[in-house]
Amino acid sequence: MILKPLSLAVIIQIIMKNFNFLKTFLILIAIVVSSAAIAQKWSQDGNAYYIEDENSIMKYSLPQDKPDTLVSARILTPAGKKTMRIQSFSVTPDGNRVLIFTNAKKVWRLRTKGDYFIYDVTSRTLSQIGKSLPPSSLMFAKISPNGQYAAYVSNNNIYVEDLKTSQIRPLTTDGTTTLINGTFDWVYEEEFFCRDGFRWSPDSKKIAYWQLDASKIGKFLMINNTDSIHPRVIPIEYPLAGEKPSYCRVGVANIDDAKTTWIDIPGEPDNNYIVRMDFIPWSQQLLIHQLNRKQNEGKLYISDPVTGSSRVVFEESDPAFLESYFDNSGDAYEVDFILDFKWMPSRKSIVWASEKEGWEQLYEISLDGKPERKITTGNFDVIELKRIDEMNGYIYFTASPENATRKYLYRLRIDGKSKLQPLSPGSLKGTHDYVISPGGKYAFHSFSNHNTRSSEELISLSNGKTLNHKKGIAEMQDSLRVKSNMEFFQITTADSVTMDGWMVKPDNFDPSKKYPVVFLVYTEPASATVTDEYGTGYNYLYAGNMAKDGYIYMSIDNRGTPAPKGREWRKSIYRKVGVINIHDQAMAAKEILKWNFVDPDRIAVWGWSGGGGATLNLLFQFPEIYKTGIAIASVTNELTYDNIYTERYSGLPEESMEDYVKGSPLTYAKNLKGNLLIIHGTGDDNVHYQNAELLLNELIKYNKKFQFMPYPNRTHGISEGEGTFTHLRTTYTDFLKKNCPPGPR
């Protein structure tokens, strides 16, 4: 099990890496991943890990990597009943109980609602919690630190269950569709990855929780015309750019009497966001992270759960926007992901990521009054914080100082008294990832690049060697490599902007011939497309082989994409979405058109979601370059998208309406000259179908010819319904071949 063959999760990862331009589609794919495979979970001491295997939960003890069955599949198949499929699980710190999540149902993006069972390892018994509540209604169940209780959310209320008596008591009773306790509304989940909205106190006597009041949020009405004879209206609380967010506050409920103390945090509750909250591990106080509505000012408060009083212990600002609320140190697409603080209990501090000195660096923020201290130093970005090992005094993170398309592991002493130490094998050029054990002794190491299949090994972190003398990734390179026509390049525009790109050349490429180019675009701050990992350069929507058919497939990352190139690169897009990113793409394309083997009459571009909007903007603003475009699930007017994402990057509409107009494809639709295919799902709860109709009206107004493919009742990923994927691929491929014919000339 050390070096895995290509599992379903890895296969889907390959697709994901080609859809990394689409923020929300990643979430959709992750739903499938989380249904198909569950990642390993470390024991508290880091000397063992747990993993689901064929619906059993296995414990592997290290360093022998010896497996033992912790929960057998037989236990999860009660006599005469259907087998319970494991959606997710957690093991208590003492290893004596396993909390199992099953019978899951989707809530927006992930399957976060279902049933929970507790398996007692000692007595080998399985018992269900929340049995008196509606089936498959429980969310985010957690066993208390003292092991006496379980808490969970059901129908937007929080409940506590005594695990000895099975007595269930509500801590909140006012939950409704729009008054939300212990979880979040649509936009918090979509843009802040906030789902699990309550936390146990260290002494197990209190629960702190978010409460959102979305009753004043405008409802977007979707219509389901396909699932019944009479259409059904589906309302969604969806705050648009320019509208205030849900009223948000933090309460602390006592387990004994269910009384809530509301935390007093300065600022209007419906004009600020609370994006992180938890009990400080070494005290009974709370640490709360607040962002203002424009998301360019952030504050950390220490709050007293008894009196409700709060005091600021840290604050920061940025002329553009702050991204430090989410430091990528966990997989936000996992069902049990929690956006948490990075604690250093022995130092009474946290580790914080900030771009305030020009690069994403790590800082130690003291919670007891000591001065802030910088941990990492250099002209590079910290990409992901992977592990804080307080016992041995090290901090582990990924970065790529020399090549923004790759990712490697480094470590540094927490006190800063050491040189930056690279830990990834120098012979493996590409993208590395690590899941490091508590204590920093072991790690699951994965690696891939554009011509090396994804693979994983369990290593000793001190020397990088694979456990049990098995062959590691470095020794398996020959068998993992695949033939690839891909090459990475850099292009410098007339504006002296240098961008990374990749292209996949046709088979039997002849530089004396001219070939069509198909550009893949996303261009916005949510994701980069140019990464050196396996699957990059594969167009899963194309029904066939692009290289064999004679296309050059290409992608470029412009300014504003989240590449590890420093703050100025990323923040340059502030209030210029749809402008600077589009300009950069077009100027890069102009340079590419100078290449002798590129056919300027056959230039196509496509993208999804934000990439669909970029496709439209490129086609409309630069019709002399782009002759064919396929825009899927596109934002056509920035004012129709949610407030958290749009206001973060474009400012408040009342302050920057001109920027909204300049960045919206609708503004330029009258310039269409080329071939355009518009695709949208009518049941899209993210980028609403309204965007397509607004664009259609504008194109009709100016007598512009186009093709349109609506998918009835399909959501943002256009994945539902029999035959949908095949039809989508066929539609995409036929249009591309007809309007941008493949092959050399």
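### Let's talk about the overall build of the protein
Piece 1. Helix and strand counts for the protein come out as 12 helices and 42 strands.
Piece 2. Whereas a compact globule of 745 residues would reach a radius of gyration of roughly 27 Å, the protein reaches 26 Å, a difference of no more than 12%.
Piece 3. Taken over the C-alpha atoms alone, the protein extends approximately 75 × 60 × 60 Å along its principal axes.
Piece 4. Taken across its 745 residues, the protein has 59% of its residues classed as buried.
Piece 5. Long-range pairs, those at least 24 residues apart, make up 60% of the contacts in the protein with a sequence separation of at least 6.
Piece 6. For the protein, the exposed area adds up to about 29800 Å²; of that, 49% sits on carbon and sulfur atoms.

### Comments concerning the sheet that holds strand E31 (residues 421-422)
Piece 1. Spatial ordering of the open sheet is given by E28-E29-E30-E31, a layout of 4 strands whose pairing is antiparallel. Each edge of the open sheet is held by one strand with a lone partner, namely strand E28 (382-389) and E31.
Piece 2. Two strands pair when backbone bridges link them, and E28 and strand E29 (residues 394-399) are joined in this way by 6 bridges, in the antiparallel orientation. By the bridge assignment for E29, Val382 is matched with Ala399.

### Quick word on the confidence of the model for the protein
Piece 1. For the protein, per-residue confidence averages 92 on the pLDDT scale, and residues scoring 70 or more make up 94% of the total.
Piece 2. Of the regions scoring below 50 in pLDDT, residues 1-37 engages in 98 contacts with residues more than four places distant in sequence or in other chains.

### Quick notes on the packing of helix H7 (residues 580-592) against helix H8 (residues 610-621)
Piece 1. Relative to each other, H7 and H8 sit at 60°, their axes nearing to 10 Å. Here H8 runs oblique to H7, going by the angle between their axes. Where H7 crosses over H8, the handedness of that crossing is right-handed. From H7, Ile582, Gln585 and Ala586 reach across to H8, where they touch Ala614, Asn617, Leu618 and Gln621.

### Some remarks on the nonpolar core
Piece 1. Counting 47 residues, the largest nonpolar core has Tyr188, Phe192, Leu286 and Ile288 as the members making the most contacts within it.
Piece 2. Where this core is concerned, the elements lending two or more residues are helix H3 (186-192), strand E15 (206-213), strand E16 (219-224), strand E18 (247-254), strand E20 (272-279), strand E21 (286-292) and helix H9 (643-650).
Piece 3. Among the elements that take part in this core, E20 stands out by supplying 5 residues, more than any other.
Piece 4. Ignoring any residue separated from it by four or fewer positions in sequence, one finds Leu286 in contact with Ala208, Val250, Val252, Ile263, Met277, Asp278, Phe279, Ile280, Tyr301, Ile302 and Ser303.
Piece 5. Core analysis: the next-biggest nonpolar cluster, separate from the first, contains 42 residues, Val497, Val517, Ala586 and Ile592 among them.

### A look at the side chain of Thr523
Piece 1. Looking at where Thr523 falls in the secondary structure, it is placed in the loop between strand E37 (515-520) and helix H5 (546-549).
Piece 2. Within the structure, the side chain of Thr523 is placed 2.8 Å from the side chain of Asn581, a separation counted as a polar contact.
Piece 3. The residues contacting Thr523, other than those within four sequence positions of it, are Asn558, Arg559, Thr561, Ile573, Asn581, Gln585 and Ala614.

### A closer look at the state of the cysteines
Piece 1. Counting across every chain of the model gives 0 disulfides.
Piece 2. No disulfide involves Cys248; its sulfur sits 8.6 Å from that of Cys194, the nearest cysteine.

### Description of the environment of Ser527
Piece 1. Its place among the elements puts Ser527 in the loop between E37 and H5.
Piece 2. Residue Ser527 is classed as buried on the basis of its relative accessible area, which comes to 9%.
Piece 3. Residues Ser527 and Lys513, spaced 14 residues apart in sequence, show a C-alpha to C-alpha distance of 34 Å.

### Here's the deal with the pairing of strand E5 (residues 88-91)
Piece 1. One ladder, built from 4 bridges, connects E5 with strand E6 (residues 97-107); its direction is antiparallel. Within E6, the position partnered with Val91 by the bridge is Val98.
Piece 2. Counting the residues in the hairpin turn of E5 and E6 gives 5 residues, including Gly95, whose phi is positive at 75°.

### Some thoughts on the sheet that holds strand E41 (residues 675-681)
Piece 1. Strand order in the open sheet formed by 8 strands is E35-E36-E38-E37-E39-E40-E41-E42, with mixed pairing between adjacent strands. Each edge of the sheet is formed by a strand with only one pairing partner; in this case those strands are strand E35 (486-492) and strand E42 (707-711). Pairs of neighbouring strands in the sheet enclose a mean axial angle of 20°, with direction left out of account.
Piece 2. Across the sheet, H8 touches strand E39 (598-608), strand E40 (628-632) and E41, and the angle it forms with E39 is around 145°.
Piece 3. On top of the sheet, helix H12 (residues 724-739) reaches E37, E39, E40, E41 and E42; it is set at about 170° to E42, its chief contact.

### Focus on a nonpolar patch on the surface
Piece 1. A cluster of nonpolar side chains, contributed by Leu221, Ile223 and Val233, occupies part of the molecular surface with about 290 Å² of accessible area.
Piece 2. Counting through the fold element by element, Val233 comes out in strand E17 (residues 232-237).
Piece 3. On the basis of relative accessible area, Val233 is assigned to the exposed category, the value being 54%.

### Notes on the environment of Lys514
Piece 1. With respect to the helices, strands and loops of the structure, Lys514 is situated in the loop between strand E36 (498-504) and E37.
Piece 2. Aside from chain neighbours lying at most four places away, what touches Lys514 is Asn596, Phe597, Val598, Asp599, Arg602, Gly743, Pro744 and Arg745.
Piece 3. From its side chain, Lys514 meets the backbone oxygen of Asn596 in a polar contact 2.8 Å long.

### Some words on the pattern of salt bridges
Piece 1. Inspection of every chain in the model, using the stated rule, returns 35 salt bridges.
Piece 2. Close ionic contact of Glu190 with Arg109 constitutes a salt bridge, the shortest N to O distance being 3.0 Å. Taken together, the residues span a long stretch of sequence, with Glu190 in helix H3 and Arg109 in the loop between E6 and strand E7 (110-120) at a distance of 81 residues.
Piece 3. Under the relative-accessibility criterion, Glu190 is labelled buried at 1%.
Piece 4. By relative accessible area, Arg109 is classed as buried at 9%.
Piece 5. Asp584 is the partner of Arg559 in a salt bridge, and the nearest nitrogen-oxygen pair spans 2.8 Å. Placement of Arg559 in the loop between strand E38 (552-556) and helix H6 (567-571) and of Asp584 in helix H7 is noted, with a sequence separation of 25 residues between them.
Piece 6. Residue Arg559 is classed as partly exposed on the basis of its relative accessible area of 21%.
Piece 7. A network of salt bridges, in which partner residues are shared, links Asp318, Glu355, Asp381, Arg567, Glu568, Arg570 and Lys571.

The rules behind each value
- Residues numbered from 1 in each chain as written.
- Predicted model: local features only at pLDDT ≥ 70, side-chain atom pairs only at ≥ 80, totals over all residues.
- Heavy atoms only, no water.
- Helix = DSSP H or I, 4+ residues; strand = E, 2+ residues; numbered from the N terminus.
- Rg over C-alpha atoms; globule rule 2.2 N^0.38 Å.
- Buried < 20%, exposed > 50% of the residue type's maximum accessible area, 1.4 Å probe, protein only.
- Contact = heavy atoms within 4.5 Å.
- Areas by Shrake-Rupley, 256 points an atom, 1.4 Å probe, with all protein chains shown as cover.
- Pairing = 2+ DSSP bridges.
- pLDDT = per-residue confidence, 0-100.
- Axes fitted to C-alpha atoms, helices over the stretch in contact; angles between N-to-C directions.
- Parallel < 35°, antiparallel > 145°, perpendicular 65-115°, else oblique.
- Left-handed = near helix turned anticlockwise from the far one by under 90°.
- Core = buried A, V, L, I, M, F, W, Y, C linked by side-chain atoms within 4.5 Å.
- Polar contact = N/O pair within 3.5 Å; in protein donor to acceptor, adjacent residues only side chain to side chain.
- Disulfide = S-S within 2.5 Å.
- Patch = residues over 30% accessible without salt bridge, like charges linked within 9 Å, V, L, I, M, F, W, Y side chains within 5 Å.
- Salt bridge = Lys/Arg side-chain N within 4 Å of Asp/Glu carboxyl O.

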